[in-house]
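A structural walkthrough
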Amino acid sequence: MGKDAARAEWDNPMQFVLSCVSYAVGLGNVWRFSYLCQMHGGGGFLIPYMLMLVLLGVPLFYMELAIGQKMRLGSIGAWRAISPYLGGVGLASVVTSMYLCLYYNVINAWSFWYLFHSFQSVLPWAECPVNSNLTGHVEECERATPTQYFFYRETLDISGSIEENGGIHMGQALCLLLAWIIVYLFIVKGVKSTGKVVYFTATFPYLVLIIYLIRGVTLHGAINGVKYMFTPKMEQLANPTTWINAATQVFFSLGLGFGSLIAFASYNQYNNNFEKQAIVVSMVNSSTSIFASIVTFSIYGFKATFNYESCLERVRLLLLNTFDLAEDTISLESVNHWIAELNRTHPEQFASLGGRLETCDLEAELDTAVEGTGLAFIVYSEAIKNMPVSQLWSVLYFIMLLLLGMGSMLGNVIAVITPLSDLKFISHYMSTKTLNGLVCLFCLLLGLGFTTRSGNYWFTMFNDYGATFSLLFIVLIEVITVCYIYSGENKFEKDVEDMLGHRLNWYWKIMLAGVSPILLIALFLFYIVNYIQGGTPTYQAWNKELGKSVVTEYPPYAQAFIGLLLASSVCCIPLTALYTYCKKRNLASGKRERTVSTVSA
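Please read these numbers as outputs of a predicted model, since none were measured by experiment. (Residues numbered from 1 in each chain as written. Predicted model: local features only at pLDDT ≥ 70, side-chain atom pairs only at ≥ 80, totals over all residues. Heavy atoms only, no water.)

**Quick notes on the overall build of the protein**
Inclusion rule: In DSSP terms, a helix is any run of H or I states spanning at least four residues, a strand is any run of E spanning at least two, and both are numbered starting from the N terminus. Each radius of gyration reported is based on C-alpha atoms, and the globular scaling rule is 2.2 Å times the count of residues to the power 0.38. Any two residues whose heavy atoms approach within 4.5 Å are treated as being in contact. In short, Shrake-Rupley with a 1.4 Å probe defines the accessible areas, and a residue's cover is counted only from the protein chains shown. In this charge count, Lys and Arg are treated as positive and Asp and Glu as negative; neither His nor the chain ends contribute. Lys charges are placed at NZ, Arg charges at CZ, Asp charges at CG and Glu charges at CD.
Scanning the protein from terminus to terminus reveals 27 helices and two strands. Here the C-alpha atoms of the protein give a radius of gyration of 27 Å, agreeing with the 25 Å that 2.2 N^0.38 yields for 601 residues. On the principal axes, the C-alpha backbone points of the protein span a range of 115 × 55 × 45 Å. Contacts in the protein between residues far apart in sequence, at least 24 positions, make up 82% of those at least 6 positions apart. Here the protein displays about 25,700 Å² of accessible surface, and carbon together with sulfur accounts for 63% of that area. Considering the protein, the positive charge centre built from 36 side chains and the negative charge centre built from 40 side chains are found 17 Å apart.

**Some thoughts on the state of the cysteines**
Our working rule: Pairs of cysteine sulfur atoms within 2.5 Å are identified as disulfides in what follows. The rule is simple: take the accessible area with a 1.4 Å probe, protein chains only, and divide by the maximum for that residue type; under 20% is buried, over 50% is exposed, in between is partly exposed.
Evaluation of the coordinates by the stated rule reveals two disulfides. The disulfide partner of Cys128 is Cys141, and the S-S distance across this bridge is 2.0 Å. One disulfide, between Cys128 and Cys141, carries an S-S torsion of -85 degrees and so falls in the left-handed class. Taken together, the positions of Cys128 in the loop between α5 (87-116) and α6 (139-143) and Cys141 in helix α6 put the pair 13 residues apart, joining distant regions of the chain. This pair shows no difference in class: Cys128 is buried, exactly as Cys141 is. Sulfur-sulfur distance for the disulfide between Cys311 and Cys360 comes to 1.9 Å. Its torsion about the S-S bond being -80 degrees, the disulfide of Cys311 and Cys360 is classed as left-handed. Taken together, the residues span a long stretch of sequence, with Cys311 in helix α14 (residues 274-323) and Cys360 in the loop between α16 (347-351) and α17 (362-367) at a distance of 49 residues. Exposure class is identical for Cys311 and Cys360. Each is buried.

**Overview of the pattern of salt bridges**
Where charged atoms from two side chains of opposite charge approach closely, those side chains can pair. Worth spelling out the cut-off: Any Lys or Arg side-chain nitrogen located within 4 Å of an Asp or Glu carboxyl oxygen qualifies as a salt bridge.
Inspection of the entire model under this criterion finds 16 salt bridges. For the salt bridge of Glu9 with Arg72, the shortest nitrogen-to-oxygen distance reads 3.1 Å. Here Glu9 is found in the segment before α1 (13-24), whereas its partner Arg72 is found in the loop between α3 (46-71) and α4 (75-82), with 63 residues between them in sequence. The class for Arg72 is buried, based on a relative accessible area of 2%.

**Quick notes on the nonpolar core**
Our working rule: We define a nonpolar core as any set of buried Ala, Val, Leu, Ile, Met, Phe, Trp, Tyr and Cys residues linked to one another through side-chain atoms lying within 4.5 Å.
Counting residues in each nonpolar core, the largest one holds 182 residues, and the members touching the most others are Leu60, Tyr62, Trp180, Tyr212, Phe377 and Phe492. By residue number, the principal contributor to this core is α5, which donates 19 residues.

**What about the environment of Leu410?**
Turning to its location among the elements, Leu410 is positioned in helix α19 (residues 390-422). As for Leu410 and Ile182, which are separated by 228 residues in sequence, their C-alpha atoms are 10 Å apart. Every residue in contact with Leu410, bar those within four places of it in the chain, is listed here: Phe186, Ile187, Thr194, Val197 and Val198.

**What to know about the packing of aromatic side chains**
Let me state the cut-off plainly: Stacked, tilted and edge-to-face pairs are distinguished by plane angle, under 30 degrees for stacked and over 60 for edge-to-face with tilted covering the rest, among Phe, Tyr and Trp rings (Trp via its six-membered ring) whose centres lie within 6.5 Å.
Enumeration according to the criterion identifies 47 aromatic pairs in this entry. On the basis of an interplanar angle of 25 degrees and a centroid distance of 6.2 Å, the ring pair of Tyr228 and Phe297 is categorised as stacked. Here Tyr228 is found in helix α11 (residues 222-230), whereas its partner Phe297 is found in helix α14, with 69 residues between them in sequence. Note on Phe473 and Phe524: the rings are 5.7 Å apart at their centroids and 35 degrees apart in plane angle, and the pair reads as tilted. With a gap of 51 residues between them, Phe473 in helix α23 (residues 468-485) and Phe524 in helix α25 (residues 506-533) connect regions that are remote in the sequence. The same class applies to Phe473 as to Phe524, namely buried.

**Topic: a nonpolar patch on the surface**
Here is the rule we go by: Patches here are clusters of residues that have more than 30% relative accessible area and form no salt bridge, with a 9 Å joining cutoff for like charges and a 5 Å cutoff for nonpolar side chains (Val, Leu, Ile, Met, Phe, Trp, Tyr).
Together, Met170, Leu174, Leu177, Ile181 and Leu185 give the surface a local cluster of nonpolar side chains, amounting to about 480 Å² of exposed area. Mapped onto the fold, Met170 is located in helix α8 (residues 170-187).

**Description of the side chain of Ser111**
With respect to the secondary-structure elements, Ser111 resides in helix α5. Beyond its immediate stretch of four places on either side in the chain, Ser111 contacts Phe377, Phe398, Leu401 and Leu402.

**Structural notes on α11**
As a reminder of what qualifies: Comment: arc refers to directions from the helix axis out to C-beta atoms.
The complete set of buried residues in α11 reads Ala222, Gly225, Val226, Tyr228 and Met229. End-on, the buried residues of α11 take up no more than an arc of 155 degrees, which puts them together on one face. Among the exposed residues of α11, those pointing more than 90 degrees away from its buried face are Ile223 and Lys227.

**Some words on the pairing of strand β2 (residues 548-553)**
Quick note on the threshold: The pairing criterion for strands is at least two bridges between them, as found by DSSP.
Across six bridges, strand β1 (residues 538-543) lies against β2 in antiparallel orientation. What sits directly across from Gln540, in β2, is Val551. Between β1 and β2, which follow one another and run antiparallel, lie four residues, and Gly547 among them has a positive phi close to 75 degrees.

**Points about the side chain of Glu64**
Looking at the element boundaries, Glu64 is found in helix α3. On the basis of relative accessibility, which here comes to 1%, the residue Glu64 falls in the buried class. When neighbours within four sequence positions are excluded, Glu64 is seen to be in contact with Leu256, Gly257, Leu261, Ile262, Val475 and Glu478.

**Details of helix α2 (residues 27-39)**
Short version of the rule: Expected helix span is computed as 1.5 Å times (number of residues minus one).
Across its 13 residues, α2 extends 18 Å between first and last C-alpha, which sits within 8% of the 18 Å expected from 1.5 Å per residue. In terms of residue burial, α2 counts as a mostly covered element, since ten of its 13 residues are buried. Among all positions of α2, only Leu27, Asn29, Val30, Trp31, Phe33, Ser34, Tyr35, Leu36, Cys37 and Gln38 are buried. A positive phi of about 90 degrees marks Gly41, the residue just after α2.

**Brief notes about the environment of Ser516**
What counts here: We define a polar contact as two N or O atoms separated by no more than 3.5 Å, with the added condition that, inside protein, one atom must be a possible hydrogen donor and the other a possible acceptor, whereas residues neighbouring each other in sequence contribute only through side-chain atom pairs.
By the element assignment, Ser516 lies in helix α25. Each C-alpha atom of the pair Ser516 and Leu65 lies 16 Å from the other, and the pair is 451 residues apart in sequence. Setting aside anything within four residues of it in sequence, one finds Ser516 in contact with Leu55, Leu56, Pro59, Leu60 and Met511. Among the polar contacts made by the side chain of Ser516, one reaches the main-chain carbonyl oxygen of Leu55 at a distance of 2.8 Å.

**Section: unusual backbone geometry**
In this model, Arg72 sits at a positive phi of 55 degrees, which is unusual for a non-glycine residue. Notably, Val389 is not glycine yet its phi reads approximately 50 degrees, a positive angle.

**Looking at the packing of α1 against helix α9 (residues 191-201)**
Two quantities define a packed helix pair, namely the angle between the helix axes and the distance between the axes. The line we're drawing: Helix axes are fitted only over the stretch in contact, all axes being lines through C-alpha atoms; the angle between N-to-C directions runs from 0 to 180 degrees. Here the angle decides the label: under 35 degrees means roughly parallel, over 145 means roughly antiparallel, 65 to 115 means roughly perpendicular, and every other value means oblique. Crossing handedness: left-handed means the near helix sits turned counterclockwise from the far one by under a right angle, and right-handed means the same turn made clockwise.
As a packed pair, α1 and α9 sit with axes 9 Å apart at the nearest point and diverge in direction by 60 degrees. The angle between α1 and α9 places the two elements in the oblique class. Crossing of α1 over α9 shows left-handed handedness. When α1 is examined against α9, the residues Met14, Gln15, Leu18, Ser19 and Ser22 are found in contact with a partner set consisting of Gly195, Lys196, Val198, Tyr199 and Thr201.

In structure tokens form, the structure reads like this:
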């Protein structure tokens, strides 16, 4: 492929780097990485994480940037240029990115919802609302917590199961509309407008994280959370799941397989030093995960300490009232001592406390792992409501979530738009603005389904099954193609040398030709085995009578839809190859027939 002088380009290399950072550094850095640290031994998780970054993440990131910069096309065109049979790899990336676009912006809509509700004298998730009779609080809220009630009832107005449908939540629909309008304005002029936006979306979240770090480490009990994070539990290194989760976190955090990196790199100048940029962006992304985790664990520590001391205070008051002790007899520090002492001196009276006596354990509070929306919109909200000037911290936090989400959305939408705009029959009939607008409108209309009462369950389904399987398969095909098909005549090495002025060094060769494919195959097989052994797929259904989520099996039609999600994007690869083969065969047979008829004549 030659250079395409007419193609739009970034104004400078910094715009490209910031676009990659804005795309790669997303919500997963804030909630997923912290959750995995908590699950897999705190600081000990950093060992497999950094190893997987070097063995899997950086080489694959490098490969996708190289393909995009060389071919100067989106994912469909780039893989078709390598081989006509591989157009389906790019198409699979587009389908997967489209699925992501449909539901990812819903998280931004939730962030808008929380942001707008932060400008109140009392945060609405700080306390339970009064019931319709004005005689007490709403029962559902009392069974749960105010933060859970606000998320599940006020924000989602969630149904009891995926089978209970309901109308669109108008507030959420309007927030989703606002989110898509902003995405459209960010990409309206293609790479020219996106290149300007990323200066803000890539840098402002770091300012908020720094402010939160300063505030977080000064909170009461924050040190307990930070100690928990950096205290390694080395026995977790013997757990295969720790290594699998480290690899998948690196894989998805860098945004491999979606086609976004190929699209971004296609707007580079031909001789841009993508090798250095691949290393820089990968390191920035991983460093951000660790940095954000320090902030998260300081807030974890504050929340856990607050809950622990609240528990101690309840026990203290129970003991004082039961045994008629003076107010200053028991302090928070001496609660456990007095429990043992009163149990020894007044065993019968102590036994009468029964189930009213709570067990307060700081370590157990810190061990309670929460991921995803539960961490972002429930745990953080619960911590924020207990901070002084909580409205300020709420506004800052949800602005940061919005910018992280919007930055990732730019990459997701560009992964869809760039390959489509490269298709001649589309670029011939519509302008960039029109194409961008139609894609955003299409995603908005389908995304409205996630704002219905059962929408969150469909959101969870897309999040769990819409990308993982297909991305592992897509990137596995990519790396095998580049290393064993395209590089059969050393084309990839020659392309790199043509762009950078030097050949591939031993690190890239060993990783791309051996280590990375083996790890990808292992991940792919682990996912399939894990899915089969998992039995019937389940989801967390909100039970308002209990005030908590309960594990529920998906109904048959939802299981069929999960199968469709898993297969739809992956099927693009063999079906496109088959179509290309049949098309070539028909053309060849047509030429033979014309040759025979000419000879006969």
